[in-house]
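Remarks on the overall topology
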Amino acid sequence: QVQLVESGGGLVQAGGSLRLSCAASGSIFRVVAMGWYRQAPGKQRELVAAITAGGSTDYEDSMKGRFTISRDNAKNTVYLQMNSLKPEDSAVYYCNARIISAPLIPARDYWGQGTQVTVSS
């Protein structure tokens, strides 16, 4: 089994910053990619940012320039630095990891439990 443990959410004023962390542990042979999604009340879950093992990144357009995703491959940990936060960034942020648990086993997606980010105006 694989577990994803997130941390770093909270309440911040508009214009402030937060840093989210997500550590993967358990039966891990290789981490293919990790990323962050978010879901606001009444809205669908959406991609925030993702990063591959090789370091290639992808961002949702509205986050470009404000959010930075990074990872520590040795620790199987992904980070999301969020700057210039806006009230519309308020949501539950979920960590996602695509992981191969053993050789010849197909990769599958795992999710964290979510961490609340609230940005006050």
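Coordinates for the structure precede this section.
Below you will find a few notes about this structure. (Residues numbered from 1 in each chain as written. Predicted model: local features only at pLDDT ≥ 70, side-chain atom pairs only at ≥ 80, totals over all residues. Heavy atoms only, no water.)

**Topic: the pattern of salt bridges**
- This structure, assessed with the given rule, holds 5 salt bridges.
- Between Asp 61 and Lys 64 there is a salt bridge; the shortest N-O distance is 3.2 Å.
- Classification of Asp 61 by relative accessible area gives exposed; the value is 58%. (Salt bridge = Lys/Arg side-chain N within 4 Å of Asp/Glu carboxyl O. Buried < 20%, exposed > 50% of the residue type's maximum accessible area, 1.4 Å probe, protein only.)

**So, the side chain of Arg 38**
- Take Arg 38: it is sitting in strand E4 (residues 30-39).
- Side chain to side chain, Arg 38 and Glu 46 meet in a polar contact 2.7 Å long.
- Side chain to side chain, Arg 38 and Tyr 93 meet in a polar contact 2.9 Å long.
- The residues touching Arg 38, leaving out its near neighbours within four places in the chain, are Gln 44, Arg 45, Glu 46, Val 48, Ser 62, Met 63, Phe 67, Glu 88, Asp 89, Ala 91, Val 92 and Tyr 93. (Helix = DSSP H or I, 4+ residues; strand = E, 2+ residues; numbered from the N terminus. Polar contact = N/O pair within 3.5 Å; in protein donor to acceptor, adjacent residues only side chain to side chain. Contact = heavy atoms within 4.5 Å.)

**Structural notes on the state of the cysteines**
- Inspection of the entire model under this criterion finds 1 disulfide.
- The disulfide partner of Cys 22 is Cys 95, and the gap between their sulfur atoms is 2.0 Å. Because the torsion about its S-S bond is -80°, the bridge between Cys 22 and Cys 95 counts as left-handed. Taken together, the positions of Cys 22 in strand E3 (residues 18-26) and Cys 95 in strand E9 (residues 91-100) put the pair 73 residues apart, joining distant regions of the chain.
- Taking the relative accessible area as the measure of exposure, Cys 22 reaches 0% and is therefore buried.
- Classification of Cys 95 by relative accessible area gives buried; the value is 0%. (Disulfide = S-S within 2.5 Å.)

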